[in-house]
Amino acid sequence: MPFVSLSGIRLHYRIDGDERSDAPWLVLANALGADVTMWAPQIAAFAARFRVLRFDTRGLGCSDAPPGPYSIEQWTQDVIGLLDALSIERAHFCGLSMGGLIGVALAARHADRFDRFVLAHTAARLGAPEIWQARARQAREQGARSLADATLKRWFTDAFAEREPLLVAMIRDAFAHMDDEGYASNCEAIGAADLRAEAGAIHAPTLVMTGRGDPSVAPELTRALAEAIAGARFVELDAQHLSNIERADEFTQTVLGFLTGPIAH
Ligand SMILES: O=C(O)CC1=CCC(=O)O1
């Protein structure tokens, strides 16, 4: 299992696609409570066009979970450190939810390292700090797995959960084994992150995506992010929060179309 060591922590990553090719790099960033495996439905199609680098955000999956709270600066330094460690000069970036929030910060603050951004099911501010502090407290006191049922209900429609119980069980399994401190520390980073004043400074070509029924990040907040970014494309899928799983083909084709197609000026 490959890791890079960055300022005292080990970050787990995976690469798909032909590493020796000169295909563009595409970085994938996961949601809170998920890990690199959430991108499984996209990997074959993405790896046919890109060298795909996915990583477990600090505190989640197989990456280290040092005591927090974490911060948006640590998240972005983790991504830049990972690119540096792997000698990747530039990449496209696709992040969902918390991964999308990291993308907003990278697009505003580290534009020189990226070409195009996909910011899915996210916003420049993901709700009031008190909500995230309460969630962090619950994770520390009762364990992150105490949040699993409610979270899964926000992530998928009932119809999808009934149709695909195995898929949902696999996502739940990854969630249930999250490190409690890592989950809580990421909640605190989300609560402290308010990038509304920075979204207007994003000039990279950007696709913003939401789900019509997303109860985790309201579509209006995601739409507001798209409106703040000059020239951003906005797409709504018929899904709740993890549209890359519930509407896997549509998500994949929308992202590929954007990353490989012409950019309207
Ligand atoms: O936990 C949720 O419902 C949704 C969420 C917000 C930020 C994130 O990454 O996931």
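Residues numbered from 1 in each chain as written. Predicted model: local features only at pLDDT ≥ 70, side-chain atom pairs only at ≥ 80, totals over all residues. Heavy atoms only, no water.

1. Thoughts on the packing of aromatic side chains
Tallying each qualifying case throughout the model produces seven aromatic pairs. Taken together, a centroid distance of 5.3 Å and an interplanar angle of 50° make the contact between Phe114 and Phe117 tilted. Among the residues examined, Phe117 registers a relative accessible area of 0% and is labelled buried. Their ring planes at 65° and their centres at 5.5 Å tell us that Phe175 and Tyr183 sit as a pair that is edge-to-face. By relative accessible area, which is 0% here, Phe175 ends up buried. Given the relative accessible area of 0%, Tyr183 is considered buried. Taking the ring centre of Phe3 as reference, the NZ or CZ of Arg10 above it sits at 3.9 Å. In this structure, Arg58 is placed above the aromatic ring of Tyr70, and the distance from its NZ or CZ to the ring centre is 5.4 Å. (Phe/Tyr/Trp six-rings, centres within 6.5 Å; stacked < 30°, edge-to-face > 60°. Buried < 20%, exposed > 50% of the residue type's maximum accessible area, 1.4 Å probe, protein only. Lys NZ or Arg CZ within 6 Å of the ring centre and 35° of its normal.)

2. Points about helix H5 (residues 148-155)
Within H5 the residues assigned to the buried category are Ala148, Thr151, Leu152 and Trp155. Looking down the long axis of H5, one finds its buried residues gathered within 95° of arc, a one-sided arrangement. Pointing more than 90 degrees away from the buried face of H5 are the exposed residues Asp149 and Lys153. Here the buried face of H5 lies against helix H7 (165-176) and helix H10 (243-246). (Helix = DSSP H or I, 4+ residues; strand = E, 2+ residues; numbered from the N terminus. Arc of directions from axis to C-beta. Contact = heavy atoms within 4.5 Å.)

3. Notes on the confidence of the model for the protein
The pLDDT averaged across the protein works out to 97; a share of 100% of its residues lies at or above 70. Taken over the whole predicted complex, pTM reads 0.98, whereas the ipTM for its chain interfaces reads 0.93. (pLDDT = per-residue confidence, 0-100.)

4. What to know about the environment of Ala264
On the secondary structure map, Ala264 appears in the segment after helix H11 (248-260). For Ala264, a relative accessible area of 67% corresponds to the exposed category. Ala264 sits 153 residues away from Ala111 along the chain, and the two C-alpha atoms are 19 Å apart.

5. A closer look at the environment of Gly211
Mapping Gly211 onto the fold places it in strand S7 (residues 206-211). The exposure class assigned to Gly211 is buried, which follows from its relative accessible area of 0%. Considering only alpha carbons, one finds Gly211 and Ala148, 63 residues apart in sequence, at a separation of 20 Å. Ignoring any residue separated from it by four or fewer positions in sequence, one finds Gly211 in contact with His121, Pro219, Leu237, Ala239 and Gln240.

6. Here's the deal with the side chain of Thr222
Mapped onto the elements, Thr222 comes out in helix H9 (residues 219-228). Taking relative accessible area as the criterion, Thr222 reaches 0% and is therefore assigned buried. Among all residues touching Thr222, those that are not within four sequence positions of it are His121, Thr122, Val208, Met209, Thr210, Val217 and Phe234.

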